[in-house]
Amino acid sequence: MLTLASEVEVLARFGRALADPIRCRLLLALSRAPAHPSDLAEALGISRTRLSNHLACLRDCGMVVAVPVGRRTRYELADPRLAHALDDLRTAVVAVETDRACADADEKGCC
């Protein structure tokens, strides 16, 4: 059964989805057009196994859905508005001091 997530949970899921560069590239590719896994793996230059793991994460986060098309499965963004949100995030200006990062960035997995 599908349920609606709270605002905070949606943002947390978005953060988890965007926490990995491959998932970011995958989301950007799907924001342009739905695609089959073989095409996505080739476009991103990664193995099908690695792609499958990232697609599973994005499905768990609620960002993408699998759509059966005959014998194949096509992936697309779960909500068309995600493409606009991704574009807004991609083009946002962030204030970053390039010579500084969190002192414990490696431990926290940030910066």
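Residues numbered from 1 in each chain as written. Predicted model: local features only at pLDDT ≥ 70, side-chain atom pairs only at ≥ 80, totals over all residues. Heavy atoms only, no water.

1. Here's the deal with helix 2 (residues 21–32)
For helix 2, with twelve residues, the first-to-last C-alpha span of 17 Å sits near the 16 Å given by 1.5 Å per residue. Those residues of helix 2 not exposed but buried are Ile22, Arg23, Leu26, Leu27, Ala29 and Leu30. In an axial view of helix 2, the angular spread of the buried residues amounts to 160°, which keeps them on one side of the axis. Residues of helix 2 that are exposed and point over 90 degrees away from its buried face: Pro21 and Arg32. (Helix = DSSP H or I, 4+ residues; strand = E, 2+ residues; numbered from the N terminus. Expected span 1.5 Å × (residues − 1). Buried < 20%, exposed > 50% of the residue type's maximum accessible area, 1.4 Å probe, protein only. Arc of directions from axis to C-beta.)

2. With respect to the pattern of salt bridges
Scanning the model with the defined rule gives four salt bridges in all. Residue aspartate 79 is joined to arginine 81 by a salt bridge in which the shortest nitrogen-to-oxygen separation is 2.7 Å. Relative accessible area serves as the criterion here: at 23%, aspartate 79 is assigned to the partly exposed category. The shortest N-O distance in the salt bridge between arginine 90 and aspartate 87 comes to 2.4 Å. Here arginine 90 pairs with aspartate 87, and both are found in helix 5 (residues 81–91), just three residues apart, close to one helical turn. Given a relative accessible area of 34%, aspartate 87 falls into the partly exposed group. (Salt bridge = Lys/Arg side-chain N within 4 Å of Asp/Glu carboxyl O.)

3. A few points about the side chain of histidine 36
Its location among the elements puts histidine 36 in the loop between helix 2 and helix 3 (37–44). Excluding residues within four positions of it along the chain, histidine 36 makes contact with Arg72, Thr73 and Arg74. (Contact = heavy atoms within 4.5 Å.)

4. Details of the pairing of strand 1 (residues 64–69)
In terms of strand pairing, strand 1 meets strand 2 (residues 72–77) through six bridges, oriented antiparallel. Each bridged residue has a counterpart across the sheet, and for valine 65 the counterpart in strand 2 is glutamate 76. (Pairing = 2+ DSSP bridges.)

5. Some remarks on the packing of helix 3 against helix 4 (residues 48–60)
Where helix 3 meets helix 4, the axes come as close as 9 Å, and the angle between the chain directions of the two elements is 110°. By the angle between their axes, helix 3 is roughly perpendicular relative to helix 4. Across from Pro37, Ser38, Leu40 and Ala41 in helix 3, the residues of helix 4 making contact are Arg48, Leu51 and Leu55. (Axes fitted to C-alpha atoms, helices over the stretch in contact; angles between N-to-C directions. Parallel < 35°, antiparallel > 145°, perpendicular 65-115°, else oblique.)

6. Digging into the nonpolar core
Membership of the largest hydrophobic core comes to 23 residues, with the highest contact counts inside it found for Leu26, Leu27, Leu30, Met63 and Val64. For this core, the secondary structure elements donating two or more residues are helix 1 (7–18), helix 2, helix 3, helix 4, strand 2 and helix 5. At five residues, the largest contribution of residues to this core is made by helix 2. Ignoring any residue separated from it by four or fewer positions in sequence, one finds leucine 26 in contact with Leu40, Leu44, Leu51, His54, Leu55 and Leu58. (Core = buried A, V, L, I, M, F, W, Y, C linked by side-chain atoms within 4.5 Å.)

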